[in-house]
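Here is how the chains run, residue by residue.
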Amino acid sequence: MTTENEKAVRRFYEALATGDTTLVDTALAPGWEAVPALRAAPGPDGWKQSVDHLRGVFSGLALTIEHLVEAGDTIAVRSVGHGVHTGELLGVPGTGREVELRASDFHQVADGRIVRSWHLEDYFGIAAQIGLEFTRGA
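This structure is a prediction, so every number in the text was calculated from the model and none was measured.

On to the sheet that holds strand S2 (residues 58-71), then. The strand order S1-S5-S4-S3-S2 describes an open sheet built from five strands, whose pairing is mixed. Strands at the two margins of the open sheet, each flanked by one partner only, are strand S1 (28-35) and S2. Strand-to-strand twist of the sheet, defined as the mean angle between neighbouring strand axes without regard to direction, takes the value 25°. As defined by bridge partners, S2 adjoins strand S3 (residues 74-85) across eleven bridges and the pair is classed as antiparallel. Bridging across to S3, Glu70 finds its partner in Ile75.

Printed below as a string of structure tokens:
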């Protein structure tokens with residue numbers, strides 16, 4: 001049985017998977033906090049901007065929730081996305097490469113909406129897939 005909290009969390013990811021940012025308003029509380037903070041803007045508007053940005057950087061972006069675990073008011077999610085790198089990211093213009101995006105999130109939910117999300121993404125893996133090279137400092 002799907003709980004109201006789980007439904008809110010699934011809408012959060014559905015917005016990214018489909019580009020339908022109207023889902024954000026039903027998934028996130030008005031004062032939603034992202035940890036770390038989004039570069040776009042705070043709150044739900046920041047997530048909408050992030051969705052638009054990511055869908056512009058990765059054409060054909062598809063997202064799968066691989067694991068979802070609910071404990072009290074917290075839901076943990078492990079997700080994977082796939083898309084073609086067609087827009088600028090980390091200073092790298094679109095490469096046309098298929099990229100895998102892995103992330104782990106913890107969402108705190110109250111009254112059927114997410115109030116806070118802690119996000120950890122595999123930026124190193126993404127950077128390597130788009131051709132960024134890393135060297136040790138001298």
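Within the largest apolar cluster, 26 residues are counted, with the highest numbers of intra-cluster contacts made by Val9, Phe12, Leu28, Trp32, Trp47, Phe58 and Ile114. For this core, the elements supplying multiple residues, two or more each, are helix H1 (4-18), helix H2 (24-27), S1, helix H3 (43-57), S2, S3 and strand S4 (98-110). When residues no more than four places from it in sequence are discounted, the contact partners of Val9 are Leu68, Ile75, Val77, His107, Val109 and Ile114.

Assignment of secondary structure puts Glu6 in helix H1. The class for Glu6 is buried, based on a relative accessible area of 11%.

Quick look at the confidence of the model for the protein chain now. When pLDDT is averaged along the protein chain, the result is 95; 99% of the residues meet or exceed 70. Mean pLDDT values for the elements of the protein chain range from 93 in helix H4 (residues 123-129) up to 98 in S3.

Let's shift gears to the environment of Asp111. Structurally, Asp111 is set in the loop between S4 and strand S5 (113-121). Take Asp111: its relative accessible area is 83%, and that puts it in the exposed class. Residues Asp111 and Glu4 lie 107 residues apart in sequence; the distance between their C-alpha atoms is 8.4 Å.

Calculation criteria
Residues numbered from 1 in each chain as written. Predicted model: local features only at pLDDT ≥ 70, side-chain atom pairs only at ≥ 80, totals over all residues. Heavy atoms only, no water. Pairing = 2+ DSSP bridges. Helix = DSSP H or I, 4+ residues; strand = E, 2+ residues; numbered from the N terminus. Axes fitted to C-alpha atoms, helices over the stretch in contact; angles between N-to-C directions. Core = buried A, V, L, I, M, F, W, Y, C linked by side-chain atoms within 4.5 Å. Buried < 20%, exposed > 50% of the residue type's maximum accessible area, 1.4 Å probe, protein only. Contact = heavy atoms within 4.5 Å. pLDDT = per-residue confidence, 0-100.

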